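# Chain and residue survey
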Amino acid sequence: MNDPLAHIRDLFDLDDDVVYLDGNSLGAPPKAVADRVQDVVRHQWGRRLIRSWSEGWWEAPERVGNRIGRLIGAKPGQVVVADSTSVNLFKALMAAVRNTDRMEIVVDAGTFPTDGYIARSVAELTGLALRPAPPEELDLRDTTAVVLLNHVDYRTGRLLDMAELTAQAHAVGAKVVWDLCHSAGVLPIELDALDVDLAVGCTYKFLNGGPGSPAFIYVPKHAQPTFDQPLTGWTGHEVPFAMSSEYTPDPGVSRARVGTPDILSMLALDAALDVWDHVDLADVRAKGLALTAHFRSLVEDLPGIEVLTPSDEWRGHQVSLRHPDAERLMAELIDRQVIGDHRPPDVLRFGFAPLYNTFDDADRAATTLKQLL
Ligand SMILES: Cc1ncc(COP(=O)(O)O)c(C=O)c1O
Ligand SMILES: Nc1c(O)cccc1C(=O)C[C@H](N)C(=O)O
């Protein structure tokens, strides 16, 4: 394949003898991040001290949010970087059901655990029922307040049809919250165009923000005035430095902020996002599909292997294989410098990050797996 992204791998700090196929769990570091973090510590923090808050730190959550917005089809002023995905899920779901007279929250039955746990807490706190349902049979009703869906399933890699499912929710007057953890940065997403109600996602996977880098939340302009999230911390206040005893939320997306932003991680993420400046998401998607198709073709007939990831285009950038000995196999692959991950009980997951993974990575991983089998 003619690979218009081949040169981008050089922007990453990767060892050539390691086949890294776990960028869907923890993305690899762009080389520029280490220098930027050093500058933030030495100069911004070291020399400018507290003055840095008014020299770019305070607005970093919105500024970096806008950079992510560009990757997920959100116009400026609708994404803020803050907290973890779990915390943002709590804000989003609580805001979505506030003042509803509807009875239930629906959650994707195969969801990543944290989404299910948080949805359960929101249901318990608000008195709504929680109904897990498979995405192909959501059975939404006029009693459904909100549905929470994972755009790409963390275990199988299945990609859901955001347009169709958002429309399904809206047809019964329900809201939809999308978890974009496994899709942000690797495939074109059109949140504004699809009229998505709310979305959240993490930045340490395909966005390469680094371990524990802050998550993001999308609140579209029209929903901001009624986005009453429960974590009314001072940085979401309209005038935080007024230090008022009354909470008045910021009129815009900043009302999704809670406490002091984690500047070191935030600015590491900011530096990591520079690699996207010269990248077309259509190229990223095309390469992700090609890499996963190539890897699949090499492993699908291996003994004892069942491919869980859909073979059509409704898949993200991972290939998940079921094998009864998955845990041992992954440990042995990692010993041989092929790094993917194991998800219980029997899934081997190989994530392909089109910005730095190569077809050679796919060949080497498949050859090593074949030898082990
Ligand atoms: C779909 C999904 N949602 C949420 C999370 C994690 O949330 P948090 O950033 O709170 O750890 C992950 C991965 O850890 C995930 O895969
Ligand atoms: N967030 C993670 C972490 O802090 C440690 C190890 C792994 C993770 C992950 O991201 C797991 C990931 N969401 C998954 O899809 O399984």
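This is a predicted model, so every value here is computed, not measured.

Together, Val41, Trp45, Leu49, Ile50 and Leu264 make up an exposed nonpolar region whose accessible area comes to about 500 Å². Looking at the element boundaries, isoleucine 50 is found in the loop between helix 1 (32–47) and helix 2 (60–71). Note on isoleucine 50: relative accessible area 68%, which makes it exposed.

Our next topic: the packing of aromatic side chains. Scanning the entire structure with this criterion turns up nine aromatic pairs. A centroid spacing of 5.2 Å and a plane angle of 80 degrees characterise the contact between tryptophan 234 and phenylalanine 241, whose relative ring orientation is edge-to-face. Owing to a relative accessible area of 36%, tryptophan 234 belongs among the partly exposed residues under this scheme. For phenylalanine 241, a relative accessible area of 53% gives the class exposed. Put simply, the rings of Trp53, Trp57, Trp58, Trp234 and Phe241 pair up and form one aromatic cluster. Directly above the ring of tryptophan 58 sits arginine 257, whose terminal nitrogen or CZ lies 4.9 Å from the centroid.

We now examine the site of ligand 2. Ligand 2 sits among Ser25, Phe112, Tyr154, His182, Tyr204, Lys205, Arg343 and Arg349. Lysine 205 has a polar side-chain atom sitting 2.5 Å from a nitrogen atom of ligand 2. Its free accessible area being 380 Å², ligand 2 has 59% of it covered by the protein chains. Residue composition of the shell around ligand 2, grouped by class: three nonpolar, two polar and three charged. Residue-level mapping places the shell around ligand 2 at the junction of two domains, with at least three residues from each of domain 1 (6–31 + 279–372) and domain 2 (38–276).

At their nearest, the axes of helix 7 (residues 281–299) and helix 9 (residues 359–372) sit 9 Å apart, and the two run at 20 degrees to each other. Taken together, the axes of helix 7 and helix 9 are roughly parallel relative to one another. Considering only the axes of helix 7 and helix 9, their crossing is right-handed. Of helix 9, the residues touching helix 7 (which contributes Lys287, Ala290, Leu291, His294, Phe295, Leu298 and Val299) are Phe359, Ala362, Asp363, Ala365, Ala366 and Leu369. Considered class by class, the residues forming the contact of helix 7 with helix 9 number ten nonpolar, one polar and two charged.

Summarising burial for strand 3 (residues 104–108): five of the five residues are buried, a large majority. Of the two faces of strand 3, both are covered, the one formed by Glu104, Val106 and Asp108 as well as the one formed by Ile105 and Val107. Relative to strand 4 (residues 129–133), strand 3 runs parallel, the two being bridged by five bridges. Counterpart to glutamate 104 in the pairing with strand 4 is alanine 129. A crossover connection joins strand 3 to the parallel strand 4 through helix 4 (residues 113–126); in handedness this β-α-β unit is right-handed. Across four bridges, strand 3 lies against strand 5 (residues 144–150) in parallel orientation. Residue pairing in the sheet places valine 107 in a bridge with leucine 148 of strand 5.

A few words now on the UniProt feature "binding site: pyridoxal 5'-phosphate" (unreviewed entry) in the protein. Following the UniProt record, one finds the feature "binding site: pyridoxal 5'-phosphate" (unreviewed entry) at Thr85, Ser86, Phe112, Pro113, Thr114, Asp115, Asp179, His182, Tyr204, Trp234 and Thr260. Across 176 residues in sequence, these annotated residues place their C-alpha atoms as far as 30.5 Å from one another, rather than forming a single compact spot. Here threonine 114 falls in the buried class, since its relative accessible area comes to 18%. Dropping the residues within four chain positions of it, threonine 114 is found in contact with Ser86 and Leu89. Taking the relative accessible area as the measure of exposure, aspartate 179 reaches 5% and is therefore buried.

The next thing to look at is the site of ligand 1. Looking at ligand 1, the residues that line it are Ser84, Thr85, Ser86, Phe112, Thr114, Asp115, Asn150, Asp179, Cys181, His182, Tyr204 and Lys205. Contact distances for ligand 1 include 2.8 Å between an oxygen atom and a side-chain N or O atom of histidine 182. When the free accessible area of ligand 1 is taken as 400 Å², the share hidden by the protein chains comes to 84%. Listed by contribution, the elements that provide at least two residues to the shell around ligand 1 are helix 3 (85–97) and helix 4. Here the shell around ligand 1 is built from residues that sort into three nonpolar, six polar and three charged.

What counts and what doesn't
- Residues numbered from 1 in each chain as written.
- Chains lettered and ligands numbered in written order.
- Predicted model: local features only at pLDDT ≥ 70, side-chain atom pairs only at ≥ 80, totals over all residues.
- Heavy atoms only, no water.
- Patch = residues over 30% accessible without salt bridge, like charges linked within 9 Å, V, L, I, M, F, W, Y side chains within 5 Å.
- Areas by Shrake-Rupley, 256 points an atom, 1.4 Å probe, with all protein chains shown as cover.
- Salt bridge = Lys/Arg side-chain N within 4 Å of Asp/Glu carboxyl O.
- Helix = DSSP H or I, 4+ residues; strand = E, 2+ residues; numbered from the N terminus.
- Buried < 20%, exposed > 50% of the residue type's maximum accessible area, 1.4 Å probe, protein only.
- Phe/Tyr/Trp six-rings, centres within 6.5 Å; stacked < 30°, edge-to-face > 60°.
- Lys NZ or Arg CZ within 6 Å of the ring centre and 35° of its normal.
- Near = heavy atom within 4 Å.
- Polar contact = N/O pair within 3.5 Å; in protein donor to acceptor, adjacent residues only side chain to side chain.
- Nonpolar A, V, L, I, M, F, W, Y, C, P; charged D, E, K, R; others polar.
- Domains from an automatic or database assignment.
- Axes fitted to C-alpha atoms, helices over the stretch in contact; angles between N-to-C directions.
- Parallel < 35°, antiparallel > 145°, perpendicular 65-115°, else oblique.
- Left-handed = near helix turned anticlockwise from the far one by under 90°.
- Contact = heavy atoms within 4.5 Å.
- Pairing = 2+ DSSP bridges.
- Right-handed = clockwise from strand over helix to strand, strands pointing away.
- UniProt positions renumbered as here; feature names shortened; annotations may be inferred.

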